[in-house]
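Examining the three-dimensional arrangement
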Amino acid sequence: MSQSRLGIVHLGDFAVGYPWSKPRLPAFLEALGWPIEDGIDERRLDPPRTLAVLMGFGTEALLTRHRAWLRQAKRIVIVRDLVGADDLFSDVELMALVDEEHMAVEAALGDDVRSVKWTGSPESSAEVAAMLLAVAGEREERVPRPRVRTRLPEPSAYAPGPWRRWDTEGLGGLGAIARRLCTHHGRPALLDLRTSPPVLVDLADGARLRTGTTIGSPATISPDGQYVLGRGSSGLEFGLFDGPRRQVEAPREHPIFVDPMLGLGAVGTRSWFHWVRVTEHDASVLSAALHDWPCGHEKKLYGYIDNDPVRIEVADDGDAYLSVYDVDTVVGSLLAPRWRRAGPAVVPKWPPGDPMRAVLTCPDWSHAKALEGTMKGLQNDGRGDSPTVALGPDNGHRYTLGLDREVWRIRGDGGVRVGGPEDAYVVFDANHQEVRRGKGRLLCGSGPWLWLEADGHVWREHVVTGAREYRVAVDEPISVGLPIPGSGHAVLVRVITESGEAVPGESVRRVPWQHEHFELRMV
């Protein structure tokens, strides 16, 4: 598909990600005589250079909510949908007040923002179509956009450290560690929010590497340790770790992931999340992540335990993501919106489809009774824990799955038992076909690296070649492992009680719900 200079969106469509959702944009396109065409979808993170935004009355807040993404367009045309609002349109004084409010919101979107009213009549539709074509055809100075940089994990640069006690804030859980791992000038580090102001702590020797400006919990940090997304005095905020920050309009959602280098972040709560468009200067909601059932995150178990996010990872090639929640993990490929031709313009295909999407879970059959070993049993409080899954470097090695526990994979409405428990792991491609398998317990992984426990030792293995590098001896029981984003290192995690004793292993879960007491070791 050749790239169009004109895009058209309805921001209300981006707010939901259910496959059965009915998009609101097609009716407007039909009125313009630009129906959506069949054809190949174009993957594009940012909008075309000229973007028309269809806005219903009273939805001005969506412009602020999507600010960072909208500002990637060179020119913006706000199409005010006044269909059925004849009384408003005929009241001159009220219309003047509405215009004033719109202008205040539009001023934050850039220097070239225009607006036009659309009443739905043939005359109004023809006027809007002519204006959009004229604006899209205007000459402009072409400024090349910077390419998204790819962060490639470097080989191990630091010797493994000792075990160190780490207590999260109340009800922190494993996510309070996973979402705060980063590097400081390449050195593995962890964001410590237990102090004010926050600090970056060296995972090798425990030293304080850097002090930031005040940020509250929950929060997440970029892989290079430069940017944070977390709770501030004005709500959710994004900015430099040790500098000023800007408000993000997502008040009820928790930060899970942020990486300006890849241009993306994520915020969410139980069962689903929103993608965030991130630049070096701003962040705002992009779109809701696709959510479905049963091929989606569980909402809650037993009627009261929320399925909360642990971490989200995006592949360096931008073709896949991993969303790890308490009891299940989603492997998917839908990050950037997919665009399709509609007359002289392109429009997002919404709701989107994701052919690679799969849910992976370790079942807990303790309440299943006669439903044990069935999909119905999995849907009846049967998801016990997220399995160990490592996101790979390319579509040929898309993810690696640990089989130290029983694991099921759900796609669409059906599920299959992948395998386990056994001392093994399997590498799959983007079509969920087995590439290779190996011996050992998968602890974690990211990009080209896997960390394995085998023969009483911890090894780092190259996911493509299978070549192993010795790291440390297993001197303490290891509950789980976590990759350190953007590095060739990982953190081994040991769950402990307040008395310092190891927590007895549960039948399925490796880390108890909302646990707060751990020991960490960088390898």
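Remember, it's a predicted structure, so these values are computed and weren't measured experimentally.

To continue, consider the overall build of the protein. Each helix and strand in the protein was counted, giving 9 helices and 40 strands. Since a compact globule built from 523 residues should have a radius of gyration of about 24 Å, the 24 Å found for the protein is in line with a globular shape. Dimensions of the protein, computed from C-alpha atoms along their principal axes, come out at roughly 75 × 55 × 45 Å. Put simply, the protein has 523 residues, and 57% of those count as buried. In the protein, once contacts between residues fewer than 6 apart in sequence are set aside, the share between residues at least 24 apart is 61%. The protein carries 61 positive and 72 negative side-chain charges, and their two centres are separated by 3 Å.

Attention now goes to the pattern of salt bridges. Summed over the entire model, instances satisfying the criterion amount to 35 salt bridges. For the salt bridge of Arg340 with Asp41, the shortest nitrogen-to-oxygen distance reads 2.7 Å. Of this pair, Arg340 sits in strand 24 (residues 338-342) while Asp41 sits in the loop between helix 2 (25-32) and strand 2 (42-43), placing them 299 residues apart in sequence. On the basis of relative accessible area, Arg340 is assigned to the buried category, the value being 15%. By relative accessible area, Asp41 is classed as partly exposed at 24%. A salt bridge links Arg311 to Glu313, with the shortest nitrogen-to-oxygen separation between them at 3.0 Å. Note on Glu313: relative accessible area 9%, which makes it buried. Each of Asp385, Asp404, Arg405, Arg441, Glu453, Arg509 and Arg510 takes part in one network of salt bridges that share partners.

Counting through the fold element by element, Arg311 comes out in strand 21 (residues 309-314). A distance of 3.0 Å separates polar atoms of two side chains, one belonging to Arg311 and the other to Glu313. For Arg311, the contacting residues outside a window of four places in its chain are Ala178, Arg179, Ile256, Leu322, Ser323, Val324, Val389, Gly445, Leu482 and Pro483.

So, about helix 6 (residues 92-106). End to end, helix 6 covers 21 Å across 15 residues, agreeing with the expected 21 Å (1.5 Å per residue, within 8%). All of the buried residues in helix 6 are Met95, Val98, His102, Val105 and Glu106. Down the axis, helix 6 shows its buried residues gathered within 90° of arc, on one side only. Opposite the buried face of helix 6, by more than 90 degrees, sit the exposed residues Glu93, Leu97, Glu100, Met103 and Ala104.

This paragraph deals with the state of the cysteines. One pass over the full model with this rule turns up 0 disulfides. Distance from the sulfur of Cys295, which forms no disulfide, to the nearest cysteine sulfur (Cys362) is 16 Å.

Moving on, we get to helix 7 (residues 122-136). For helix 7, which comprises 15 residues, the first-to-last C-alpha distance of 21 Å matches the rise-based estimate of 21 Å (1.5 Å per residue) to within 8%. Where helix 7 is concerned, the buried positions are Ser124, Ser125, Val128, Ala129, Leu132, Val135 and Ala136. Taken down its axis, helix 7 places every buried residue within 135° of arc, on the same side. In helix 7, the exposed positions that point more than 90 degrees away from the buried face belong to Pro122, Glu123 and Glu127.

Turning next to unusual backbone geometry. A negative phi angle characterises most non-glycine residues, just as the trans form characterises most peptide bonds. With an omega dihedral of 5°, the bond running from Ser217 to Pro218 counts as a cis peptide bond. Position of Pro218 among the secondary structure elements: in strand 11 (residues 216-221). Pro421 follows Gly420 through a cis peptide bond whose omega is 0°. Mapped onto the elements, Pro421 comes out in the loop between strand 31 (414-419) and strand 32 (424-428). Its identity is not glycine, yet Lys369 carries a phi of approximately 55°, on the positive side. By secondary structure assignment, the location of Lys369 is in the loop between strand 26 (358-363) and helix 9 (375-379). Relative accessible area serves as the criterion here: at 73%, Lys369 is assigned to the exposed category. One non-glycine residue, Asp455, adopts positive backbone phi at about 55°. Residue placement: Asp455 occurs in the loop between strand 35 (449-454) and strand 36 (457-462).

Moving on, we get to the side chain of Arg471. Structurally, Arg471 can be placed in strand 37 (residues 468-473). Polar contacts involving the side chain of Arg471 include one to the main-chain carbonyl oxygen of Tyr158, which spans 3.3 Å.

Let us look at the confidence of the model for the protein. Taken residue by residue, the protein gives an average pLDDT of 88. The fraction at 70 or more is 92%. Taken as a whole, residues 143-151 scores under 50 in pLDDT and shows 17 contacts with residues more than four places along the chain or in a different chain.

Another point: the nonpolar core. Leu11, Val53, Leu63, Trp69, Leu70, Phe273 and Trp275 are the most contacted members of the largest nonpolar core, which has 43 residues in total. Leaving out residues up to four positions away in the same chain, Trp275 has contacts with Gly265, Ala266, Val285, Leu286, Ser287, Ala289, Ile312, Val314, Tyr321, Leu334 and Leu335. Core analysis: the next-biggest nonpolar cluster, separate from the first, contains 39 residues, Leu391, Leu403, Phe428 and Met522 among them.

Conventions used here
Sequence order sets the numbering: in each chain, residues are counted from 1 along the sequence as written. Totals for whole chains, interfaces and linings use every residue, but because this is a predicted model, local features are given only for residues with pLDDT of at least 70 and side-chain atom pairs only at 80 or more, for both listing and counting. To obtain the side-chain values, all non-hydrogen atoms of the structure were used and water was disregarded. Labels follow the DSSP assignment, with helices taken as runs of H or I lasting at least four residues and strands as runs of E lasting at least two, numbered in each case from the N terminus. A radius of gyration in this sense is built from C-alpha atoms; the matching globule rule multiplies 2.2 Å by the number of residues raised to 0.38. Burial here depends on accessible area, computed with a 1.4 Å probe over protein chains only, as a share of the maximum for the residue type. Under 20% is buried, over 50% is exposed, and the range in between is partly exposed. Any pair of residues with heavy atoms lying within 4.5 Å of one another is described as a contacting pair. Charge assignment in this entry is limited to Lys and Arg as positive and Asp and Glu as negative, and neither His nor the chain termini are counted. In plain terms, the charge of a residue is placed at NZ if it is Lys, CZ if Arg, CG if Asp and CD if Glu. Salt-bridge detection follows one rule: a side-chain nitrogen of Lys or Arg within 4 Å of a carboxyl oxygen of Asp or Glu. Residues adjacent in sequence count toward polar contacts only when both atoms are side-chain atoms; beyond that, a polar contact is any pair of N or O atoms within 3.5 Å, and within protein one must be able to donate a hydrogen and the other to accept it. Here the expected length of a helix is defined as 1.5 Å per residue gap, with one fewer gap than residues. Throughout, the arc means the angular range of directions from the helix axis out to the C-beta atoms. Cysteine sulfur atoms are paired as a disulfide whenever they come within 2.5 Å of each other. The pLDDT value expresses, per residue, how confident the predictor is, ranging between 0 and 100. The definition of a nonpolar core used throughout is a set of buried Ala, Val, Leu, Ile, Met, Phe, Trp, Tyr and Cys residues joined through side-chain atoms within 4.5 Å.

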